[in-house]
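# Observations on the three-dimensional arrangement
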Amino acid sequence: MIKLTATAKVAAFTKNQAIVIGVKSVSKKLQLVEHTIDSAWLSELNLEALGASAKAESIIRVSAPNGSVVALIGVGNDELDEDNLRELAGAAARALGSIENIVFDLPTSDARDAAAILEGAALGQYELTTYKGTDSTGSIKTKSVTVVSAHKVSAAAIAKVNIVVESIRATRDLVNTPPNVLFPAAFANIVAKRVKPLNLEVQVWDEKALAKDGFGGILAVGGGSSRPPRLVKIDYRPKGAKKHLALVGKGITFDSGGLSLKPAEGMVGMKYDMTGAATVFEALVTIAKLALPVHVTAWLCLAENMPSGTAQRPNDIIKVRNGKTIEVLNTDAEGRLVLADGLSAASEEKPDLIIDVATLTGAATIALGNRYAGLMGTSEAISAVEAAAFDTGELVWHMPLPAELRSLLNSDLADIANVKIGNRAGGMLIAGLFLREFIGFADKRNEKKIEWAHLDIAGPANNDAAPYGHTTKGGTGVMLRTLVSVAEGMAR
Ligand code: BES
Ligand code: ZN
Ligand code: ZN
């Protein structure tokens, strides 16, 4: 892992070092953004002639004294706040992976700004080389990242950045792992190994236990695969916790669609249909490592959705954990079936808040594009997640759960159907309405529902376009920081 440090003053222009300095445009002329390094050589650079630009994230390298490098990065027109600094640092770090020591000399207004720079840089330098065969050397040679700031960044703040970054990288690793390698039991084994040194409780339901305990949704979806499904529950129970947060993740290790088979192009990328499970798991790991005083339970609903002679059929009726029956009209709407079990089980413990995370619908990307997560649920939960997302600079958008759409899911035989055949309107919202049926009550008299938020991350979970900011190609690890921030809020 890259070593992250903060310093008030840096020895400029040393070998194997790149110093990152901002470039802005003031009355159509390029200018260096305020920095600490005092150097005539630097101030005399002809920015226009060098081809520097103020456009956000555009970057050029200039050969500097003593064999060092100055990297000039455009900062755009927006205010250089924490979120922009995190993104700029990510972009710079991606461009400077060949350099051993990267130093950021950008303006910071407080220690949070400085920490965000370190965080963005470490996230931007993610790569996975495990699956290279003959060419297995990675492109990233950076050993250290230093932020120059007059504001003292505490050791605890740097430790937090390291913990968060490590978990986001682990999430990306899981998402990027090919589906021949990552199947439900393999995922459960990875979880068991990772939590061992952390002293967390883990419970794994195999297919026999799932049947015994009534998890008909996970079983039905996993039934078509030769590699059976799993439900994994991880508990972090610190002393003194007053609040209980339940996290439920969709963990489809590959979504072929099942018998309602996806077309060839639609199937590519469906290894990332387990991102929700990876995200909630690594969020719990982060929260545990940070020792936040909140009881957190993660429920990973793991299955491989495959067509076969043992696969579920359209028109099958299944019964899930809370006793409700579901008529399966499209086996490709499988995420909601495994989540029906996960949300039911999570509800049994009556936590203060349930958040589920899922690459649930293609409709989410139609509505919101690839950078925003769709957010639905109860009002207090929505406020908590919105505040947390704002705090971390992640993008969520509150979507409605329109009551009139619920009747589209009426089934003649079962309590509910999993889709309305032929309907294309409001796909993300209908999925949200479906999930709501599996949220239990907070009180004994069944009057108040448990606070619940649903994050549809089908868009931002995976980036198959060019990298931007600290977001690399492939799995992004989005929403992990938001979930951790929600837990921080509950700990206060
Ligand atoms: N995993 C998909 C959703 C998805 C699609 C995520 C594209 C990321 C990119 C999900 O299981 C699915 O197939 N949903 C169907 C639901 C439909 C049958 C109601 C969809 O979105 O088409
Ligand atoms: Zn599907
Ligand atoms: Zn799916």
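Residues numbered from 1 in each chain as written. Chains lettered and ligands numbered in written order. Predicted model: local features only at pLDDT ≥ 70, side-chain atom pairs only at ≥ 80, totals over all residues. Heavy atoms only, no water.

### Description of the coordination of the zinc ion (ligand 3)
Donor atoms from the polypeptide that coordinate the zinc ion (ligand 3) comprise Lys-250 (NZ), Asp-255 (OD), Asp-273 (OD) and Glu-334 (OE), at 1.9 to 2.4 Å from the metal. Summarised as a motif, the one-chain spacing of the donors to the zinc ion (ligand 3) is K-x4-D-x17-D-x60-E. The exposure class assigned to Lys-250 is buried, which follows from its relative accessible area of 1%. Overall, the relative accessible area of 2% leaves Asp-273 in the buried class. (Donors = N, O, S within 2.8 Å, 3.2 Å for Na, K, Ca; no water. Buried < 20%, exposed > 50% of the residue type's maximum accessible area, 1.4 Å probe, protein only.)

### Regarding the site of ligand 1
Taken together, 16 residues lie near ligand 1, and Lys-262, Asp-273, Asp-332, Glu-334 and Gly-362 sit nearest. Contact distances for ligand 1 include 3.1 Å between an oxygen atom and a side-chain N or O atom of Lys-250. For ligand 1, an oxygen atom lies 2.8 Å from a polar atom in the side chain of Lys-262. Taking a 2 Å distance to the grid points as the criterion, the majority of the atoms of ligand 1 fall inside the largest pocket. Among the residues making up the shell around ligand 1, the classes are represented as 5 nonpolar, 4 polar and 7 charged. (Near = heavy atom within 4 Å. Polar contact = N/O pair within 3.5 Å; in protein donor to acceptor, adjacent residues only side chain to side chain. 1 Å grid on protein atoms, 1.4 Å probe; cavity = no way out; pocket = protein on both sides within 12 Å on 5 of 7 lines; lining within 4 Å. Sits in = over half its atoms within 2 Å of the grid points. Nonpolar A, V, L, I, M, F, W, Y, C, P; charged D, E, K, R; others polar.)

### Side note on the pattern of salt bridges
For side chains of opposite charge, pairing can occur when their charged atoms come near one another. According to the stated counting rule, one finds 29 salt bridges in the structure shown. Overlapping salt bridges bring together Glu-82, Asp-83, Arg-86, Arg-112, Glu-119, Asp-391 and Arg-481 as one network. (Salt bridge = Lys/Arg side-chain N within 4 Å of Asp/Glu carboxyl O.)

### Here's the deal with the environment of Ala-52
Along the chain, the position of Ala-52 falls in the loop between α2 (47–50) and β4 (59–63). Considered as a pair, Ala-52 and Lys-24 are 28 residues apart in the sequence and their alpha carbons are 9.6 Å apart. Discounting residues that sit within four places of it in the chain, Ala-52 has contacts with Val-23, Leu-30, Leu-47, Ile-60 and Leu-72. (Helix = DSSP H or I, 4+ residues; strand = E, 2+ residues; numbered from the N terminus. Contact = heavy atoms within 4.5 Å.)

### Comments concerning the environment of Met-479
Take Met-479: it is sitting in the loop between β20 (474–475) and α15 (480–491). Distance from Met-479 to Met-428, taken between C-alpha atoms, is 18 Å for residues 51 residues apart in sequence. When residues no more than four places from it in sequence are discounted, the contact partners of Met-479 are Thr-279, Ala-373, Glu-394, Leu-395, Val-396, Leu-455 and Ile-457.

### A few points about empty space enclosed by the protein
The final tally for this structure, using the stated rule, is 1 cavity of 30 Å³ or more. Empty space within the largest cavity amounts to approximately 30 Å³. Lining the largest cavity, in full, are Ala-220, Val-221, Gly-224, Gly-258, Leu-259, Asn-305, Met-306, Ala-311, Gln-312 and Thr-331. (Points joined across faces, edges and corners; volume = space filled by probe spheres on them.)

### Some words on the sheet that holds strand β16 (residues 396–398)
Within a sheet, each strand pairs with its neighbour through backbone hydrogen bonds, oriented either parallel or antiparallel. Judged by pairing direction, the sheet is mixed, and its 8 strands sit side by side in the order β8-β9-β11-β10-β14-β18-β15-β16 without closing on themselves. Two strands lie at the open edges of the sheet, namely β8 (201–205) and β16, each paired on one side alone. Each strand axis lies, on average, 20 degrees off the axis of its neighbour in the sheet, ignoring direction. Packing against the sheet, α15 makes contact with β10 (244–255), β14 (353–358) and β18 (451–456), and its axis sits at approximately 175 degrees to β14. (Pairing = 2+ DSSP bridges. Axes fitted to C-alpha atoms, helices over the stretch in contact; angles between N-to-C directions.)

### A closer look at the domain arrangement of the protein
With domains assigned, the protein is organised as domain 1 (3–153) and domain 2 (163–491). Just the C-alpha atoms count here: the centres of domain 1 and domain 2 sit 36 Å apart. Domain 1 puts 18 residues into the contact, and the matching count from domain 2 is 21 residues. Interface area, domain 1 with domain 2, both sides summed: about 1600 Å², of which 55% is carbon and sulfur. Summed over the shared surface of domain 1 and domain 2, the result is 2 salt bridges. As a salt-bridge pair, Arg-112 and Asp-391 come within 3.1 Å of each other at their nearest N and O atoms. Residue assignment for the side of domain 1 that touches domain 2 shows that the elements contributing at least two residues are α3 (82–95) and α4 (111–124). No other element matches α3, which puts 7 residues into the side of domain 1 that touches domain 2. Per-class residue counts for the side of domain 1 that touches domain 2 are 6 nonpolar, 4 polar and 8 charged. (Domains from an automatic or database assignment. Buried area = accessible area lost by both parts, 1.4 Å probe.)

### Details of the pairing of strand β6 (residues 101–104)
A regular strand carries its side chains on alternate faces of the sheet. Sheet analysis places strand β2 (residues 17–26) next to β6, joined by 4 bridges and oriented parallel. Among the inter-strand pairings, Val-20 is bridged to a residue of β6, identified as Phe-104. Taken together, the 4 bridges between β6 and strand β7 (residues 144–148) define a ladder with parallel strand orientation. When the sheet's bridge partners are listed, Phe-104 is paired in β7 with Val-147. Chirality of the crossover, the property in question, places the unit of β6, α4 and β7 among those that are right-handed. (Right-handed = clockwise from strand over helix to strand, strands pointing away.)

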